[in-house]
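# Summary of structural features
Residue-level listing of the chains:
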Amino acid sequence: MTPTTLRIATRKSALALWQAEHVAAELRAVHPGLLVELVPLSTRGDEILDKPLATIGGKGLFLKELEVAMLEGRAELAVHSLKDVPAELEPGFVLPAILPRADAADAFVSNDYADLAALPLGARVGTSSLRRQAQLRAVRPDLTLLDLRGNVGTRLSKLDAGHYDAILLACAGLERLGLASRIRSRLTAPDWLPAPGQAAIAIEARADQPDVLALLHALDDAQTRLAVTAERAMNHVLGGSCTVPVGAWCTVTERGLHLRGMVGDVSSGRLLQAEAEAEGDQAEALGRQVAQALFDKGAGPLLGH
Ligand SMILES: NCc1[nH]cc(CCC(=O)O)c1CC(=O)O
């Protein structure tokens, strides 16, 4: 039976709430008469703020409580930043919709400097992402890398308080929060790769609720799904989670898919890159192929294999 109300489980950060509201508005627009409500919840990833994410470990740190809410019938769907969604979902869950991707670039944010090249020798840069740290090391081995956690607003306050000369954030998050003016420059492919799935919003739901899935599928963007399928397949083979320095960027044209992947080492700043192309229906195979190419170039030891 087609539901008349959909409840969206969401984290409570400003970015998560924006994304959930965005999905709610899109659902109301494509399904007139449908009632859509938010169910804000706290997750383990939000509560443990004093440690780098990479050391808390555990995939799906931001998902668990939202999945429990769906299993207990308190919500029909959850909205996530796709880059926080582990390569492999919990059994019984699917992603019926991936929304059109926003700007996937990372942002260089600073009150004093225009870009990475302008930073003085030894400048302090804040980011807890191993992917961002490894890429920073590769271009600027002199920089002092400092941990920086918390939601987007907290990170900007710490920059403004003078704890860092610059910080790195996702352009997409800043734009969604109306903070695009904080972006001093964009870090872009092919020199700099985003996280697999960065800038895409994903809807998660229970696999056993076909009528809910049918409503949600209306928001799916086929091109974005292809690109992130390739990126996430690559990440999966590489053992993907936020604890490994992996970057990926897939573009989709009429000619097909082009995927570029990167594995880095934070301490040495060594980066390995590989790329390949494939037809549109070969997204997963393309991801596995680029992962294999990275292993062939020596990614194993960098990933602790
Ligand atoms: N890990 C936190 C997170 N998850 C998704 C985004 C940005 C939005 C997106 O990539 O869709 C951010 C913040 C950031 O990296 O600056």
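A brief report on the enclosed structure follows. (Residues numbered from 1 in each chain as written. Predicted model: local features only at pLDDT ≥ 70, side-chain atom pairs only at ≥ 80, totals over all residues. Heavy atoms only, no water.)

### Some details on the site of the ligand
The condition is simple: Nearness is defined per residue: one heavy atom within 4 Å of the molecule or strand is enough. Here a polar contact is taken to be a pair of N or O atoms separated by no more than 3.5 Å, where protein atoms must pair a possible hydrogen donor with a possible acceptor and residues adjacent in sequence count only if both atoms sit in side chains. Where accessible areas are quoted, they stem from the Shrake-Rupley method and a 1.4 Å probe; at the residue level, only the protein chains shown are allowed to cover. Under the scheme used here, helices are H or I runs from DSSP no shorter than 4 residues and strands are E runs no shorter than 2 residues, and both carry numbers assigned from the N terminus. All amino acids are sorted into three groups, where Ala, Val, Leu, Ile, Met, Phe, Trp, Tyr, Cys and Pro are nonpolar, Asp, Glu, Lys and Arg are charged, and the leftover types, Gly among them, are polar.
The environment of the ligand is made up of Leu 15, Ser 81, Lys 83, Asp 84, Arg 132, Leu 169, Ala 170, Gly 173, Arg 176, Gln 198, Ala 199 and Ala 200. Between an oxygen atom of the ligand and a side-chain N or O atom of Arg 176, the distance comes to 3.0 Å. Take Ala 199: an N or O atom from its main chain is 2.9 Å from an oxygen atom of the ligand. For the ligand, whose accessible area on its own is 400 Å², the fraction buried by protein is 90%. Listed by contribution, the elements that provide at least two residues to the shell around the ligand are strand 8 (166-170) and helix 7 (171-176). In terms of residue class, the shell around the ligand is built from five nonpolar, three polar and four charged.

### Let's talk about the environment of Ala 97
Test applied: Here, residues are in contact when the closest pair of their heavy atoms is within 4.5 Å.
One can find Ala 97 in strand 4 (residues 93-98). Residues Ala 97 and Leu 216, spaced 119 residues apart in sequence, show a C-alpha to C-alpha distance of 6.2 Å. Contact partners of Ala 97, with chain neighbours within four places excluded, come to Ile 201, Ala 202, Ile 203, Leu 216, Leu 219, Asp 220 and Arg 225.

### Topic: the sheet that holds strand 10 (residues 201-206)
Rules: In short, DSSP must find at least two bridges between two strands for them to pair. What counts as an axis is a line fitted to C-alpha atoms, over the stretch in contact for a helix, and the angles between N-to-C directions run from 0 to 180 degrees.
Strand order in the open sheet made by the five strands is 2-1-3-10-4, with mixed pairing throughout. Strands with a single pairing partner mark the edges of an open sheet, and in this sheet they are strand 2 (35-41) and strand 4. Taken over all neighbouring pairs, the strand axes of this sheet differ in orientation by 30° on average, direction set aside. In this sheet, strand 2 lies alongside strand 1 (residues 5-11) in parallel orientation, the contact comprising seven bridges. What sits directly across from Ala 9, in strand 2, is Val 39. The strands touched by helix 1 (residues 14-30) are strand 1, strand 2, strand 3 (77-81) and strand 10; relative to strand 1, the strand with the most contacts, the crossing angle is about 165°.

### Comments concerning the pairing of strand 10
Filter applied, for reference: Relative accessibility thresholds used throughout: buried, under 20% of the residue-type maximum; exposed, over 50%; partly exposed, between the two (1.4 Å probe, protein chains only).
Burial of strand 10 is extensive: six of the six residues sit out of reach of the surface. Note: strand 4 against strand 10, four bridges, orientation antiparallel. Residue pairing for strand 10: Ile 98 is matched across the bridge by Ala 202.

### With respect to the nonpolar core
Across soluble globular proteins, nonpolar side chains show a tendency to be buried alongside one another. The line we're drawing: Throughout, nonpolar core names a set of buried Ala, Val, Leu, Ile, Met, Phe, Trp, Tyr and Cys residues whose side chains join them through atoms within 4.5 Å.
Counting 23 residues, the largest nonpolar core has Met 234, Leu 238, Leu 259, Val 263, Leu 286, Val 290 and Leu 294 as the members making the most contacts within it. Secondary structure elements with two or more residues in this core: helix 9 (222-237), strand 11 (246-253), strand 12 (256-264), strand 13 (271-278), helix 10 (283-296) and helix 11 (299-302). Top contributing element to this core by residue count: helix 10, with five residues. Excluding residues that lie within four positions of it along the chain, Leu 294 makes contacts with Met 234, Leu 238, Gly 261, Met 262, Val 263, Leu 272, Gln 273, Ala 274 and Ala 299.

### Examining the sheet that holds strand 9 (residues 185-187)
The sheet built from five strands is open, its strands ordered 7-6-8-5-9 with mixed pairing. Looking at the sheet topology across the chains shown, the edges are occupied by strand 7 (144-146) and strand 9. Neighbour to neighbour, the strand axes of the sheet diverge by 30° on average, direction disregarded. Pairing geometry for strand 5 (residues 106-109) and strand 8, over four bridges, is antiparallel. Of the residues in strand 8, the one forming a bridge with Asp 106 is Ala 170. Each of strand 5, strand 6 (124-126), strand 7 and strand 8 touches helix 5 (residues 130-139); the most contacted strand, strand 8, lies at about 130° to it.

### Quick notes on the pattern of salt bridges
Operational definition: Each reported salt bridge corresponds to a side-chain nitrogen of Lys or Arg within 4 Å of a carboxyl oxygen of Asp or Glu.
Under the defined criterion, the tally for this structure stands at 14 salt bridges. Between Arg 186 and Asp 103 there is a salt bridge; the shortest N-O distance is 2.8 Å. Taken as a pair, Arg 186 in strand 9 and Asp 103 in the loop between strand 4 and strand 5 lie far apart in primary sequence, 83 residues in all. For Arg 186, a relative accessible area of 46% translates into the label partly exposed. Connected via shared salt-bridge partners are Asp 106, Arg 131 and Arg 132.

### Remarks on helix 8 (residues 210-217)
Put simply, the rule reads: This arc is built from the directions going out from the helix axis to the C-beta atoms.
Buried residues of helix 8: Val 212, Leu 213, Leu 215 and Leu 216, and no others. Looking straight down helix 8, one finds that the buried residues subtend no more than 160° of arc, so they occupy a single side. Exposed and oriented more than 90 degrees from the buried face of helix 8 are Pro 210 and Ala 214. Buried residues along helix 8 sit in contact with strand 1, helix 1, strand 3, strand 4 and strand 10.

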